[in-house]
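Each chain, letter by letter, is given below.
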Amino acid sequence: MTREPLLGVPGLRPELLLDGAWRAAAATFAVGNPATGERIADVADAGLAEVDLAVAAAAAALPGWAATPGWQRYRVLADGARLLAERVEAIARVMSLETGKPIAESVGEMRNTVRFLEWYSHEAARLPGEYWPGVAPGRDAYVVKEPVGVVAAITPWNFPGFMVACKVGAALAAGCAVVLKPAEQTPLTALAIAAALHDAGLPAGVLGVLTTSDPATVGTALVTHPDVACVTFTGSTAVGERLLALAAPAIKRVLLELGGNAPVVVLDDAVLDDAVAQVVRARYLNAGQACVAANRVYVQRGIAEAFTERFVAAVRALRPGDPFEAGTDLGPLIELAAVERLERQVATATEQGARLATGGARLGENAVSAWLEPAVLVAEGRAQPAVLAEEFFGPVASVVVFDTEDEGVALANDTRYGLAAYVFAGTADRGLAVARRIRSGSVGVNGALVSEPALPFGGMGESGLGRERGRAGIEEFLETKTIQVAARG
Ligand code: NAD
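Everything quoted here is computed from the prediction, not taken from an experiment. (Residues numbered from 1 in each chain as written. Predicted model: local features only at pLDDT ≥ 70, side-chain atom pairs only at ≥ 80, totals over all residues. Heavy atoms only, no water.)

## Focus on the overall build of the protein
Summing up its helical and strand segments, the protein has 14 helices and 22 strands in all. Computed over its C-alpha atoms, the radius of gyration of the protein comes to 23 Å, within 12% of the 23 Å expected for a compact globule of 489 residues. Out of the 489 residues belonging to the protein, those deemed buried represent 54%. Taking contacts inside the protein between residues at least 6 apart in sequence as the whole, the part at least 24 apart equals 73%. (Helix = DSSP H or I, 4+ residues; strand = E, 2+ residues; numbered from the N terminus. Rg over C-alpha atoms; globule rule 2.2 N^0.38 Å. Buried < 20%, exposed > 50% of the residue type's maximum accessible area, 1.4 Å probe, protein only. Contact = heavy atoms within 4.5 Å.)

This is the structure we're talking about:
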């Protein structure tokens, strides 16, 4: 029996992908629309039994997939990317429904999802080893790469498509089998991507998807499952720390992409209008719900007044609105708890001496979420408010003035995080010199960061472990084995 595709996305079903088949679970949970408060769909609610089924299927599928020649893995992944490309508009619509992000941003994210999957498909065919003839007297050696095993992938809601491509694409290319647990707020985008790979002929069990309303129980069971060799997680630092501890007893491979609190250093010779436009982009994209978002803006005194004036004016011009309306810059936040957290952080910042120069009001509240009017905090005193040490995960920037370049660098580095940073300077040389001094996995000089498959991405300090994307991103899913062969007599 053929069924109408859910929400107009070919292949999408509100079920679990288990051992190559779509299966219902004993229970379902509702996915809500943050822009309207309405229920979008009910999806299968996986529990412990389904964790066992998914991992068992992945473990059974692993040897076959690992032994599949790279060019054949390329074929399946490339076919999946092609199907996904045909479904971009439909999946983007679902993404906007479940996240509230403006439709143009969802389309852009889905195009990137396809692009990264395509890139990983090619990498699957390029995993060479090394041969060392005569490495020692009477010895030849091989250095070979092998898939690390079954991978548990846990993804967040803020980039629900792109994060799946980064993890699942790389792990499948490396020859691993994957059990994916998407965020409970955004299961549909992940299911739609898995459907494209499934429809492209990915062998049964190589990819399983467990949607669940109970991430702690299902996530813990997945990470501690004896047949899971590797954990790749993107999300908050608090959950990342917990998962690292859970994986420790079995010394599992752990890749963590965690929170950020990105600084921006605007030097006094920066091109003002460029800096303003780029910082607005780097802060307010996705309603500020991005790990690389430009949270803390440090401006050198000589241009501080002019920068702040133009920055505040540019932020006031941003239009919160209906995610499906052209011209909307910001959708609602993911959920009311996120709105409340930001409101508390803004209140604390003002208690600690910052001035709310614009925004901060709650708009269009419904049962799931609300918009937060884009806000700018300006710290006029010499000491920055202590609360700026926290990640503000929403449309709130803070501006702090500094005098010397050394002071700007010290303020930027005064954080436990180290994911992204930005430098604006009159010359690329000056910007590069400051970028080299900032402790961060990625630094944008005179521009916001863009996502390119070739460029490794990840955090220093409490922002994470390991790197995604680029060659480094595939290496995370490979073991290196050295085989020495002694010559016979
Ligand atoms: P979160 O940690 O609450 O959730 C992320 C994922 O972990 C979701 O799938 C969730 O269901 C799951 N999860 C929650 N509790 C769990 C538990 N106890 N055990 C196992 N899994 C669990 O994060 P969030 O607040 O939804 O996402 C925002 C955070 O993610 C921010 O801190 C942001 O900076 C970070 N982030 C980082 C990157 C990066 O690449 N470094 C990218 C995007 C988001």
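## Quick notes on the domain arrangement of the protein
Partitioning the protein into structural domains gives domain 1 (6–258 + 462–482) and domain 2 (262–453). Distance from the C-alpha centre of domain 1 to the C-alpha centre of domain 2: 31 Å. With 33 residues of domain 1 at the contact, the number on the domain 2 side is 29 residues. Across the domain 1 to domain 2 interface the summed buried area is about 2500 Å²; carbon plus sulfur atoms make up 59%. Taken as a group, Pro34, Trp157 and Glu462 account for 21% of the area that domain 1 buries against domain 2, more than any other trio of residues on that side. On inspection of domain 1 and its partner domain 2, the count reaches two salt bridges. In this structure, Glu452 and Arg115 form a salt bridge, with 3.1 Å as the shortest nitrogen-oxygen distance. Seen at the junction of domain 1 and domain 2, the total is 13 residue pairs in polar contact (both at pLDDT 80 or more). (Domains from an automatic or database assignment. Buried area = accessible area lost by both parts, 1.4 Å probe. Salt bridge = Lys/Arg side-chain N within 4 Å of Asp/Glu carboxyl O. Polar contact = N/O pair within 3.5 Å; in protein donor to acceptor, adjacent residues only side chain to side chain.)

## What to know about the pattern of salt bridges
Inspection of the entire model under this criterion finds 23 salt bridges. Where Arg301 meets Asp403, a salt bridge forms, and the shortest distance between an N and an O atom there is 2.7 Å. Separated by 102 residues along the polypeptide, Arg301 in helix H10 (residues 301–316) and Asp403 in the loop between strand E18 (396–402) and helix H12 (405–413) bring together distant segments of the chain. Three or more residues joined by partner-sharing salt bridges are found here, namely Asp268, Asp269, Glu405 and Arg430.

## Regarding the pairing of strand E7 (residues 150–154)
The side chains of a regular strand alternate, first on one face of the sheet and then on the other. For E7, the tally of buried residues reaches five of five residues, placing the bulk of the element in the interior. Here E7 shows a buried face lined by Val150, Ala152 and Ile154 and a second buried face lined by Val151 and Ala153. Crossover handedness for the path E7 to helix H5 (residues 162–173) to strand E8 (residues 177–181): right-handed. One ladder, built from four bridges, connects E7 with strand E10 (residues 230–234); its direction is parallel. What sits directly across from Ile154, in E10, is Phe233. (Right-handed = clockwise from strand over helix to strand, strands pointing away. Pairing = 2+ DSSP bridges.)

## With respect to helix H3 (residues 88–99)
Its 12 residues place the ends of H3 16 Å apart at the C-alpha level, agreeing with the 16 Å of an ideal helix rising 1.5 Å per residue. Along H3, nine of the 12 residues are buried, which leaves the element largely enclosed by surrounding structure. What H3 keeps buried is the set Val88, Ile91, Ala92, Val94, Met95, Ser96, Leu97, Glu98 and Thr99. Buried residues along H3 sit against strand E3 (28–32), strand E4 (39–44), helix H2 (70–86), helix H4 (103–124) and helix H6 (187–199). One or two positions beyond H3, positive phi appears at Gly100, with a value near 85°. (Expected span 1.5 Å × (residues − 1).)

## Some thoughts on the side chain of Ser369
Locating Ser369 in the fold gives a position in the loop between strand E15 (362–363) and strand E16 (371–372). Here Glu335 takes part through its backbone nitrogen, which lies 3.4 Å from a polar atom of the side chain of Ser369. Sequence-distant contacts of Ser369, that is, excluding residues within four places in its chain, are made with Pro34, Pro332, Leu333, Ile334, Glu335, Leu336, Val339 and Gly364.

## Section: the nonpolar core
In terms of nonpolar packing, the biggest core is built from 71 residues, with Val266, Phe307, Phe311 and Tyr422 touching the most fellow members. When sequence neighbours within four positions are dropped, the list of residues in contact with Tyr422 reads Ala262, Pro263, Val264, Val265, Ala282, Val292, Ala294, Val443, Gly444, Gly447, Ala448 and Leu449. Counting 66 residues, the second largest nonpolar core, distinct from the first, contains Ala124, Phe159, Cys230 and Ile474. (Core = buried A, V, L, I, M, F, W, Y, C linked by side-chain atoms within 4.5 Å.)

## Topic: helix H7 (residues 215–224)
Of all the positions in H7, only Val218, Gly219, Ala221, Leu222 and Val223 are classed as buried. Contact partners of the buried residues in H7: helix H1 (48–67), E7, E8, E10 and helix H8 (237–247).

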